[in-house]
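# Structure assessment
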Number of protein chains: 2
Amino acid sequence: MLPRAAKTNSYQQVASILEAEIVGGRLKIGELLPIEAELAEALGVNRSTLREGLRALEGNGLVRRVAAKRLQVTAPDPERVALTNARALGLRGASFRDLWDVQMQLEHFAAALAAERASDDQAAALRASVEALAPVLDDDEAVIRHDIAFHALIGHAAANSALELATAPMGLLLFSATRDLYRAVPAARHRLLDAHRAIADAIAARDAAGAAEWMRRHIADFRRGYEVAGFDLDAAIELRRAV
Amino acid sequence: MLPRAAKTNSYQQVASILEAEIVGGRLKIGELLPIEAELAEALGVNRSTLREGLRALEGNGLVRRVAAKRLQVTAPDPERVALTNARALGLRGASFRDLWDVQMQLEHFAAALAAERASDDQAAALRASVEALAPVLDDDEAVIRHDIAFHALIGHAAANSALELATAPMGLLLFSATRDLYRAVPAARHRLLDAHRAIADAIAARDAAGAAEWMRRHIADFRRGYEVAGFDLDAAIELRRAV
DNA sequence: GTTGTCATATTGTCCGACAATGTTAACATG
DNA sequence: CATGTTAACATTGTCGGACAATATGACAAC
C-alpha cells in the first residue's frame, strides 16, 4: 500500500483548505470571504485557479453569492441538499419500494414529532396547505406540488434537521414520480386530501399518536395507489425535472 | 411575480445545462465528456468559464476525474454524499438526540433487511469486522472506525440505496462524536463488541427479527452510554475531522 | 511480443485585460 | 444638517492567449 501520491490539483487544495476553515469554525457561517485577489494572494495561486476552487465550494453549498457580489460562507441549504440527494438516489436507480420502505419508517415519526413541537403558525400553515389543495384537486401537477409541500412542512415542524434531511429527498422523488398516478386512480386524490386533513388536524390538536397513525395509513395508501395504478414497485424510479 | 430576471452567470448556465443533460439521460453515467476546448466551443463560452462550470459540477459529484485526464459523468458517490450530508448536519447544529432519534427509526430496519438480503460474502465481511474489532478494543480510534464501518456494511448489505443514504451520514457524525465516550464508560466497549457480534450472527443466520432486535438494543445502549458519560443530548454535535 | 522513443493531445496553471456593476466618497442643494 | 446626485473606485465575470506537465498512441528496435 504505497503512500498515495498526494498529487492533488491546486484548485482542489484551495477548496479543501477553505472547507477545513469552515468546518473547523475559523471561517464562521455568514462571514464574507475576502476578495478574490486577496484570497489568491494568501493561498499562493492565480485568481483563475482560486475561482475554480471557489466554484467547487459553491457546488458543495458551503459558500454562496450574496446581494453584494461578495461570497458568503454558509451552511448548506436544506432544499438544495434535498435536491442533490434526490438526484443522487435517482441516478443510482433507487426503486419506489426502496424509497417507500424508508418513508414508512420515518414519516409517522415526523408527524408525531410535529404534533409535539409545531408552533401555532406551523400548525396553521399545515391546515392552510390542506385547504389550498381542496379547490385544485383535479390538477395533477398542483396535487403533487401540494403533497410535496405538505410533507416538507411536517418535516420542518418536526424540528429535527437530521429527520428533515432524510425525508425531504424522498418526498421530492416519490411524489414527483407519481405524475400519472392520479389519472390512473382518480379516487386517490380524495383519499390524499382526507388524509392530509386528518393529519393536519391531529397535529393542530397536539395528538402525536393520531398524527402518526394517520400518516401510516396515508403512506400505506400511497403505495396501494401506486400498485393499483399498475406501476412496478421495483423499477428504478423516474427522475423528473425539479417540480 | 416577475419572470425571474434569468440573469444567471455563464458558468452557472454551463453547470445547469450539463446537469440537465446528465439527469435527462442524454449524457450517460460512465460516459466521458468531450475535451474542454470542444465543450467550450459548443456552449459558446471561454474555456476558463467552462472550467468554472465543470468545477461546480464536480462539487456536486456529477463528474469526476478519471484515470485518463478526461472527465467522466458519474452518479454521486455514496461516501461523498454521506460526508457532505454529515457536514451539512453538523453545520446546521444537529444534536445527538436529533441524530439518535432518526437512527433508532432506521437502523433496526436496515439490520432486518440485511438479514434477508446480505450475500454470503457480506455476511462473512460483517463477522470479519467483528473479529477484527476484538483485538483492538482498547484503542478508542479503532473502535470508532470499526463501528462506523460495521454500520456502513449493514447499510450496504440492506441493498436499499435510500436507506443507505439516510443512515450513512448519521453513522459518521454520531460515532465520531463519541471519541471520549469509551474513556468515560469503558464497559461500553465490550457491550458494543457483544452487540456487533450478535447482530452479525443473526444476519449470517438470516434471522431478520433477531438482527433487528439486537440492533435496537445496541442503539438504545449507545444512547445510554452517551448519557452516562455525562454528555448533553441536546447540544449541537461536534464536527470532527473525517475519520 | 515487449520495450523504448517520440510526436501529439489535453489538462492545469498562469498572466493580463476589460466591461459590467456595485460601493464609496465627494459634493451640491434644500 | 439631511438628502439626493454624481463621479471615482473596487470587484467580479468573462475573455484571450500562453506554456509546462503529462497521458496517449504510433512506430521503431529488440
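Right, let's walk through the structure included here.

## Observations concerning the overall build of chain A
If you tally the helices and strands in chain A, you get eleven helices and two strands. Order of helices (α) and strands (β) in chain A, N terminus to C terminus: α-α-α-β-β-α-α-α-α-α-α-α-α. Seen along its three principal axes, the alpha-carbon backbone of chain A occupies a region of about 65 × 40 × 35 Å. For chain A, buried positions account for 51% of its 243 residues. Here the analysis covers contacts within chain A between residues at least 6 apart in sequence; of these, 74% occur between residues at least 24 apart. Within the structure as shown, chain A displays about 11100 Å² of accessible surface, and the carbon and sulfur contribution to it stands at 53%.

## Topic: the interface of chain A and chain B
Contact with chain A, which involves 48 residues of that partner, is made by 47 residues of chain B. Interface area, chain A with chain B, both sides summed: about 4200 Å², of which 60% is carbon and sulfur. Counting the contacts that link chain A with chain B gives six salt bridges. Of the charged contacts, one joins Arg55 of chain B and Glu52 of chain A as a salt bridge, the two residues approaching to 3.2 Å between their closest N and O atoms. Applying the counting rule to chain A against chain B returns 15 residue pairs in polar contact (both at pLDDT 80 or more). Of all the secondary structure elements, the ones that give two or more residues to the side of chain A that touches chain B are helix H1 (10–23), helix H3 (47–59), helix H4 (78–91), helix H5 (96–117) and helix H8 (161–176) of chain A. Looking at the side of chain A that touches chain B, the element that brings in the most residues is H5 of chain A, giving nine residues. Of the residues assigned to the side of chain A that touches chain B, the class counts are 25 nonpolar, nine polar and 14 charged.

## Considerations on the environment of Val130 of chain B
Note that Val130 of chain B resides in helix H6 (residues 120–133). Ignoring anything within four residues of it in the chain, the contact list for Val130 of chain B reads Phe150, Leu193, His196, Arg197 and Ala200 of chain B.

Basis of the calculations
- Residues numbered from 1 in each chain as written.
- Chains lettered and ligands numbered in written order.
- Predicted model: local features only at pLDDT ≥ 70, side-chain atom pairs only at ≥ 80, totals over all residues.
- Heavy atoms only, no water.
- Helix = DSSP H or I, 4+ residues; strand = E, 2+ residues; numbered from the N terminus.
- Buried < 20%, exposed > 50% of the residue type's maximum accessible area, 1.4 Å probe, protein only.
- Contact = heavy atoms within 4.5 Å.
- Areas by Shrake-Rupley, 256 points an atom, 1.4 Å probe, with all protein chains shown as cover.
- Buried area = accessible area lost by both parts, 1.4 Å probe.
- Salt bridge = Lys/Arg side-chain N within 4 Å of Asp/Glu carboxyl O.
- Polar contact = N/O pair within 3.5 Å; in protein donor to acceptor, adjacent residues only side chain to side chain.
- Nonpolar A, V, L, I, M, F, W, Y, C, P; charged D, E, K, R; others polar.

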